[in-house]
Amino acid sequence: MKNMKYLYLALAFSILTVFAATTQAQAQIQTPAPSPSSFVSQNVGFTKISIDYSSPAVKGRTVFGDLVPYGTPWRAGANAPTTIEFSTAVKIAGKTVNPGKYSVFITPAQSGDWTIHLNSKGNAIYAYIQDGKVNSTALASDDAVAIKVSPEKTMDSQERLSYSISAEDNKVAKVTFSWDKVNLSFMVDTQADQLMEGFKGAFN
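Below, the structure is looked at part by part. The structure presented is a predicted model; accordingly, all values stated were derived computationally and were not measured.

Cut-offs used in this document
Residues numbered from 1 in each chain as written. Predicted model: local features only at pLDDT ≥ 70, side-chain atom pairs only at ≥ 80, totals over all residues. Heavy atoms only, no water. Helix = DSSP H or I, 4+ residues; strand = E, 2+ residues; numbered from the N terminus. Buried < 20%, exposed > 50% of the residue type's maximum accessible area, 1.4 Å probe, protein only. Contact = heavy atoms within 4.5 Å. Phe/Tyr/Trp six-rings, centres within 6.5 Å; stacked < 30°, edge-to-face > 60°. Pairing = 2+ DSSP bridges. Axes fitted to C-alpha atoms, helices over the stretch in contact; angles between N-to-C directions. Salt bridge = Lys/Arg side-chain N within 4 Å of Asp/Glu carboxyl O. Patch = residues over 30% accessible without salt bridge, like charges linked within 9 Å, V, L, I, M, F, W, Y side chains within 5 Å. Areas by Shrake-Rupley, 256 points an atom, 1.4 Å probe, with all protein chains shown as cover. Core = buried A, V, L, I, M, F, W, Y, C linked by side-chain atoms within 4.5 Å.

1. Let's talk about the overall build of the chain
Secondary structure assignment for the chain yields three helices and 12 strands. The burial tally for the chain puts 34% of its 204 residues in the buried class. Summarising the internal contacts of the chain: among those between residues at least 6 apart in sequence, 57% fall at separations of at least 24.

Next comes the structure, spelled out in structure tokens:
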């Protein structure tokens, strides 16, 4: 009888062990992220430009004008803030932008130019939400630079949002945002010639 008791206890312990292991394994299983994180980086002149973002999909939706309303600043990606980082000072839209990391917002427009904001504080869009709406004035006051961009409309829809950086002439970079049927591009002058003159002056 005692042996049978030990047998039952051992069997019960084995079942509990298997159940616990199965539960733990299930807890560790993760489904693919709906908006996977992505990263792109490019050296241009003496400057490293890096963009960190998450990539949402169209999924049959109307993106601009519906999912992303016109006239309202948007986080330019999904999940965590989209950020762009410059290793040296650069010039964008005629304005000097210091080295560092900036969060990116986009204000789409139903007609005319769209606006790309590089936020000087690296804030998330939620920092500017008041009464359920984005406070555009407060957001604009923290712009390191606001870039007016004419959107390029495409015939074919790009399912996933993406950013690309082209080195162009290896002095001025072209940064492009693409999603659905819209491309937005702006130029980043890495001031390579000015840096070269500075290097020469240091040795004269």
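Following the structure, the description resumes.
2. Here's the deal with the packing of aromatic side chains
One pass over the structure, following the stated rule, counts 10 aromatic pairs. Summarising the aromatic geometry, the rings of Tyr53 and Tyr163 are spaced 4.9 Å apart at their centres and angled 65 degrees between planes, so their arrangement reads as edge-to-face. Here the residue Tyr53 occupies a position in strand β2 (residues 47–54), and Tyr163 occupies one in strand β11 (residues 152–166), the gap between them amounting to 110 residues. As far as the burial class goes, Tyr53 and Tyr163 line up, both buried. Taking the centre distance of 6.1 Å and the plane angle of 50 degrees together, the rings of Phe86 and Tyr102 count as tilted. Of the two residues, Phe86 sits in strand β3 (residues 83–86) while Tyr102 sits in strand β6 (residues 100–107), which places them 16 residues apart along the sequence. Overall, the relative accessible area of 2% leaves Phe86 in the buried class.

3. Some details on the sheet that holds β2
In spatial order, the strands read β1-β2-β3-β6-β7-β10; together these six strands make up an open sheet with antiparallel pairing. Two strands in the sheet have a free side with no partner beyond their single neighbour: β1 (37–44) and β10 (143–149). In this sheet, adjacent strand axes meet at a mean angle of 20 degrees when their direction is disregarded. Note that β1 and β2 share eight bridges and pair antiparallel.

4. Some thoughts on the environment of Lys174
With respect to the helices and strands, the residue Lys174 is situated in strand β12 (residues 172–189). The exposure class assigned to Lys174 is partly exposed, which follows from its relative accessible area of 32%. Not counting residues within four places of it along the chain, the set of residues in contact with Lys174 comprises Ser164, Ile165, Ser166, Glu168, Ser185, Phe186 and Met187.

5. Comments concerning the pairing of β11
Sheet analysis places β11 next to β12, joined by eight bridges and oriented antiparallel. Among the inter-strand pairings, Tyr163 is bridged to a residue of β12, identified as Phe177. Adjacent in sequence and paired antiparallel, β11 and β12 are bridged by five residues, among which Glu168 carries a positive phi angle near 50 degrees.

6. Overview of the pattern of salt bridges
Following the criterion strictly, the structure yields two salt bridges and no others. Ionic pairing is found between Asp193 and Lys171, a salt bridge with its closest N-O pair at 3.1 Å. You can see Asp193 sitting in helix α3 (residues 192–202) and its partner Lys171 sitting in the loop between β11 and β12, a full 22 residues away along the chain.

7. Structural notes on the side chain of Thr83
Assignment of secondary structure puts Thr83 in strand β3. Residue classification places Thr83 among the buried positions, given a relative accessible area of 15%. Setting aside residues up to four positions removed in sequence, Thr83 forms contacts with Ser50, Ile51, Asp52, Lys101, Tyr102, Ser103 and Val104.

8. With respect to the environment of Pro99
Looking at the element boundaries, Pro99 is found in the loop between β5 (95–97) and β6. For Pro99, a relative accessible area of 46% translates into the label partly exposed. Expressed as a C-alpha distance, the spacing of Pro99 and Phe86, which sit 13 residues apart in the sequence, is 5.0 Å. Residue contacts for Pro99: discarding those within four places in its chain leaves Phe86, Ser87, Thr88 and Ala89.

9. Here we look at a nonpolar patch on the surface
Together, Phe46, Met196 and Phe199 make up a nonpolar patch on the protein surface, roughly 280 Å² of accessible area in all. The class of Phe46 is partly exposed, set by a relative accessible area of 41%.

10. Details of the nonpolar core
One recurring pattern in soluble globular proteins is that nonpolar side chains are buried together. Core analysis: the largest hydrophobic core is formed by 37 residues, its most contacted members being Phe86, Ile92 and Leu118. Of all the secondary structure elements, the ones that give two or more residues to this core are β2, β3, β4 (90–92), β6, β7 (114–119), β10, β11 and β12. With eight residues, the single largest contributor to this core is β12. Every residue in contact with Ile92, bar those within four places of it in the chain, is listed here: Phe86, Val97, Leu118, Val145, Ile147, Phe186, Met187 and Val188.

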